[in-house]
Amino acid sequence: MNFDRINEKLSILADAAKYDVSCSSSGSKRQNQNKGLGNASMSGICHSFTEDGRCVSLLKILLTNHCIYDCAFCVSRKSNDVKRAAFTVQEVVDLTINFYRRNYIEGLFLSSGIFKNADFTMERLLLIAKKLRLEENFNGYIHLKTIPGASDELLKEAGLYADRMSINLEMPTEEGLKLVAPEKSHEDVKKPLGFIHQQRVEFNAERKLVKSTPTFVPAGQSTQMVIGATPENDMQIMYTANQYYNDFQLKRVYYSGFIPINHNDNMLPSIGTQPPLLRENRLYQTDWLIRFYQFDVTEILNKQNPHLDTDIDPKLSYALRNLHLYPIDINTADYHLILRIPGIGVQSAKKIVTARKFGKIYSYQLKRLGIAYNRAKFFMICADDQFQQKDLLGSQIKNRILSFSKSKYLKNQPNQLNLFD
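Criteria and cut-off values
- Residues numbered from 1 in each chain as written.
- Predicted model: local features only at pLDDT ≥ 70, side-chain atom pairs only at ≥ 80, totals over all residues.
- Heavy atoms only, no water.
- UniProt positions renumbered as here; feature names shortened; annotations may be inferred.
- Helix = DSSP H or I, 4+ residues; strand = E, 2+ residues; numbered from the N terminus.
- Buried < 20%, exposed > 50% of the residue type's maximum accessible area, 1.4 Å probe, protein only.
- Polar contact = N/O pair within 3.5 Å; in protein donor to acceptor, adjacent residues only side chain to side chain.
- Contact = heavy atoms within 4.5 Å.
- Phe/Tyr/Trp six-rings, centres within 6.5 Å; stacked < 30°, edge-to-face > 60°.
- Lys NZ or Arg CZ within 6 Å of the ring centre and 35° of its normal.
- Pairing = 2+ DSSP bridges.
- Axes fitted to C-alpha atoms, helices over the stretch in contact; angles between N-to-C directions.
- Core = buried A, V, L, I, M, F, W, Y, C linked by side-chain atoms within 4.5 Å.
- Domains from an automatic or database assignment.
- Salt bridge = Lys/Arg side-chain N within 4 Å of Asp/Glu carboxyl O.
- Arc of directions from axis to C-beta.

- Looking at an unreviewed UniProt entry, the protein carries the name Putative DNA modification/repair radical SAM protein, with the source organism given as Empedobacter tilapiae.
- You can read under Cofactor (unreviewed entry) in the UniProt record for the protein the words "[4Fe-4S] cluster".

Right, dumping it as structure tokens:
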């Protein structure tokens, strides 16, 4: 083995893979079998992070950065003047096993540029996963990128060896995609997403009858949208995400702030433009509200409010626009309504519902539960609270909350942004 050449390939193909943030590592429970190597855990793999919050505990590489497509936003685009490289199937298998034995990683995230055609590329991704599982007895986490246009037979077989599969939507709308990647279509993404979703449903149904039925993509599917390269507003982005959650039961949608990487594209933000990290964070917060806080996307974003606020999170923004729905009585409201109080998270809401079974809840008890009381007090009442804020306007409440939260909202934005409570 030429170690210098392998190191050069690894440097090129790991660097090219960093732009894909859909590097999820949770949701699978693959037990170690036959004294094999490693296992995968439901709780995910989260040992170390880059400064911008990306999990790096997976070997995250491209099989190759050669590509037949010329997508304007992609560093591996056909016309881009970059160093090209490609691993062999056995090189990826050996790297994964050797890195795992040295405790560098706990799994593999494998994507690829498309060379020759979709089936040619997907067949090699499948072969890597198959060799790891069957020849190396590797039980660790494997995340494979689905190649648009690959045959159903290859996708079905890949699903038997991968823990998670994902395929990038790229741009939030078909119109935006055509601007930067005219050769691609959202239909090319929907077809494999739909096929794998249907296969998961069928395999899960069969497992209820036959326990020996193998698992099929046990950690589900995910996708990624690039944010800020094309002119979609926040409403268009989140409506697309919501549709894909509903249609394909995705585990995650990832929102990746566009990083300018090419010099010759007048249609895209220029080199040196800062990635929209704050906007990315607000989109993730909205995503959390839809998935965990029981909000409908139309409550947060609609024709009257197509953009997310930059200075406050979307949950607070919703509350300020709907003051007629507040205050919410902590001692009588159901769990669903308590979740809508800014400053109260999912775990805190559950604690409140449990605690009030033993008596009325007072403000000092709420503070002990760990809620953001200085925010929540404007939208709730408890046993000893007469709701003194009833005559305040939304703008006044907003200013008071911002004054309490200067360290969060008004300072220079850090690389990694916090989610709200």
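**Thoughts on the side chain of D287**
- Mapped onto the fold, D287 is located in helix α8 (residues 277–292).
- Overall, the relative accessible area of 0% leaves D287 in the buried class.
- Within the structure, D287 has its side chain in polar contact with the side chain of R291 (distance 2.6 Å).
- With residues up to four places along the chain from it excluded, the contact list for D287 reads M238, Y245, V253 and Y255.

**Concerning the packing of aromatic side chains**
- With the rule as written, the count across this model stands at ten aromatic pairs.
- Taking 5.5 Å as the distance between ring centres and 85° as the angle between the ring planes, the aromatic pair formed by Y100 and F138 counts as edge-to-face. Of this pair, Y100 sits in helix α2 (residues 89–101) while F138 sits in the loop between α3 (118–135) and β3 (141–145), placing them 38 residues apart in sequence. The burial state of Y100 is the same as that of F138; both residues are buried.
- The aromatic ring of Y373 is capped on one face by K367, whose charged end is 4.8 Å from the ring centroid.

**A closer look at helix α10 (residues 314–321)**
- Summarising burial for α10: seven of the eight residues are buried, a large majority.
- Every buried residue of α10 is accounted for by P314, K315, L316, S317, Y318, A319 and L320.
- In the core, the buried residues of α10 are packed alongside α8, α9 (297–300) and α15 (394–404).
- Of the residues that open α10, the one with a side-chain oxygen 3.0 Å from the backbone nitrogen of K315 is D313.

**So, the sheet that holds β3**
- Read from one edge of the open sheet, six strands run β1-β2-β3-β4-β5-β6, paired in parallel fashion. For this open sheet the edge positions go to β1 (58–62) and β6 (252–257), each flanked by a neighbour on one side alone. Strand after strand, the sheet turns through a mean of 20° between neighbouring axes, direction not considered.
- The pairing of strand β2 (residues 107–111) with β3 spans four bridges and is parallel. What sits directly across from G107, in β3, is Y141.
- Contacts between α8 and the sheet are confined to β5 (221–227) and β6, with β6 contributing the most and set at about 165° to the helix.

**A short note on the nonpolar core**
- Core analysis: the largest hydrophobic core is formed by 57 residues, its most contacted members being M238, Y255, I330, I344, F379 and M380.
- Here the element with the most residues in this core is helix α7 (residues 234–248); it accounts for seven residues.
- Shared between two domains, this core takes at least three residues from each, and those domains are domain 1 (3–23 + 42–300) and domain 2 (314–404).
- A16, C67, A85 and L95 belong to the second-largest nonpolar core, a separate cluster that totals 48 residues.

**A short note on the pattern of salt bridges**
- Counted under the stated rule, the structure contains 18 salt bridges.
- When the shortest N-O distance is used, the salt bridge between K145 and D20 registers 3.0 Å. Note that K145 is positioned in strand β3 and D20 in the loop between α1 (3–17) and β1, a separation of 125 residues in sequence.
- Look at D20 and you get buried, because its relative accessible area is 11%.
- Residue D287 is joined to R291 by a salt bridge in which the shortest nitrogen-to-oxygen separation is 2.6 Å. With D287 and R291 both in helix α8 and four residues apart, this pair spans about one turn of that helix.
- By relative accessible area, R291 is classed as partly exposed at 26%.
- One salt-bridge network, in which partners are shared between bridges, spans R5, E8 and K83.

**Comments concerning helix α4 (residues 152–159)**
- Within α4, the full set of buried residues consists of L154, L155, A158 and G159. Down the axis of α4, the buried side of the element spans an arc of 135°, and every buried residue falls inside it.
- In this fold, the buried residues of α4 make contact with α3, β3, β4 (164–166) and α6 (187–209).

**Here we look at unusual backbone geometry**
- Cis rather than trans, the peptide bond between Y326 and P327 has omega equal to 5°.
- By secondary structure assignment, the location of P327 is in the loop between α10 and β7 (328–329).
- Positioned with a positive phi, N137 is a non-glycine residue whose angle comes to about 55°.
- As for its placement among the helices and strands, N137 is situated in the loop between α3 and β3.
- Here N137 falls in the partly exposed class, since its relative accessible area comes to 23%.
- Unusually for a residue other than glycine, Q249 sits at a positive phi of about 50°.

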